[in-house]
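Below are the chains, spelled out letter by letter.
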Amino acid sequence: MGRHAPWVEELLGFLLTRVDETGFGHLMAHEPSAMSAPYIETAGGRAEQRALRFTGCATCSQLPPLRLYYRAEEWPCQAVRALALPFADDPEYREAWRPEYARRPSGEFLRPDALRRLP
């Protein structure tokens, strides 16, 4: 039984069998971690503080202390997606792992205003 959700284990397995020593070090700096983000639920005149559980990145998903409504980046972060991108021609690569900046098949960078127009 895996430590994380099946899709997390799948990407970790994919990368661990393909990256070199430098890539492995980079992956360890961005390893997945179980996290919780506080938020307030309001309904029926009540306000309750709750926590949302998610898989975050040990480096990119740092949550500020005592802050509500904070949206942290979920794993795989952009750094891990970029680590998988050189293996995009591999038959086991999933398009869901492609970084935001390389969404076009050509791999060209998208400007932020172009991202708003995408469906």
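Residues numbered from 1 in each chain as written. Predicted model: local features only at pLDDT ≥ 70, side-chain atom pairs only at ≥ 80, totals over all residues. Heavy atoms only, no water.

## What to know about the overall build of the chain
When its secondary structure is counted, the chain shows four helices and two strands. When contacts within the chain are restricted to residue pairs at least 6 apart in sequence, long-range pairs at least 24 apart make up 39% of them. When the accessible area of the chain is evaluated, it comes to approximately 8200 Å², of which 55% is carbon and sulfur surface. (Helix = DSSP H or I, 4+ residues; strand = E, 2+ residues; numbered from the N terminus. Contact = heavy atoms within 4.5 Å. Areas by Shrake-Rupley, 256 points an atom, 1.4 Å probe, with all protein chains shown as cover.)

## Some points on the pairing of strand β2 (residues 46-57)
Summarising the sheet, strand β1 (residues 32-43) and β2 pair through twelve bridges and their orientation is antiparallel. Bridge assignment links Ala43 to a residue of β2, and that residue is Arg46. (Pairing = 2+ DSSP bridges.)

## Digging into the packing of aromatic side chains
One pass over the structure, following the stated rule, counts four aromatic pairs. Grouping aromatic residues by their ring pairs yields a cluster made of Phe14, Phe87, Tyr93 and Trp97. (Phe/Tyr/Trp six-rings, centres within 6.5 Å; stacked < 30°, edge-to-face > 60°.)

## Some details on the nonpolar core
Ranked by size, the top nonpolar core spans 15 residues in total, and within it Leu11, Leu15, Leu27, Trp75 and Val80 carry the most contacts. Elements represented by at least two residues in this core include exactly α1 (6-16) and α3 (78-84). Element by element, the count of residues in this core is highest for α1, at five residues. Residues in contact with Leu11, not counting those within four places in the same chain, are Trp75, Pro76, Val80, Ala84 and Trp97. (Core = buried A, V, L, I, M, F, W, Y, C linked by side-chain atoms within 4.5 Å. Buried < 20%, exposed > 50% of the residue type's maximum accessible area, 1.4 Å probe, protein only.)

## Examining the pattern of salt bridges
A side chain with one charge can pair with a side chain of the opposite charge if their charged atoms come near. Scanning all chains against the criterion turns up four salt bridges. Note that Asp90 is salt-bridged to Arg18, the shortest N-O span being 3.0 Å. Here Arg18 lies in the loop between α1 and α2 (21-29) and Asp90 lies in the loop between α3 and α4 (112-117), a separation of 72 residues in the sequence. Residue classification places Arg18 among the partly exposed residues on the basis of a relative accessible area of 23%. The closest approach of N and O atoms between Glu95 and Arg98, which form a salt bridge, is 2.8 Å. Since its relative accessible area comes to 48%, Glu95 is described here as partly exposed. Looking at Arg98, the relative accessible area reads 11%, which means it is buried. Overlapping salt bridges bring together Arg18, Asp90 and Glu92 as one network. (Salt bridge = Lys/Arg side-chain N within 4 Å of Asp/Glu carboxyl O.)

## Considering the confidence of the model for the chain
Confidence in the prediction for the chain averages 76 pLDDT; 74% of positions are at 70 or higher. Averaged pLDDT values for the elements of the chain fall to 43 in α4 and rise to 90 in α2. This stretch, residues 111-119, has a pLDDT under 50; its non-local contacts, to residues over four places away or in other chains, come to four contacts. (pLDDT = per-residue confidence, 0-100.)

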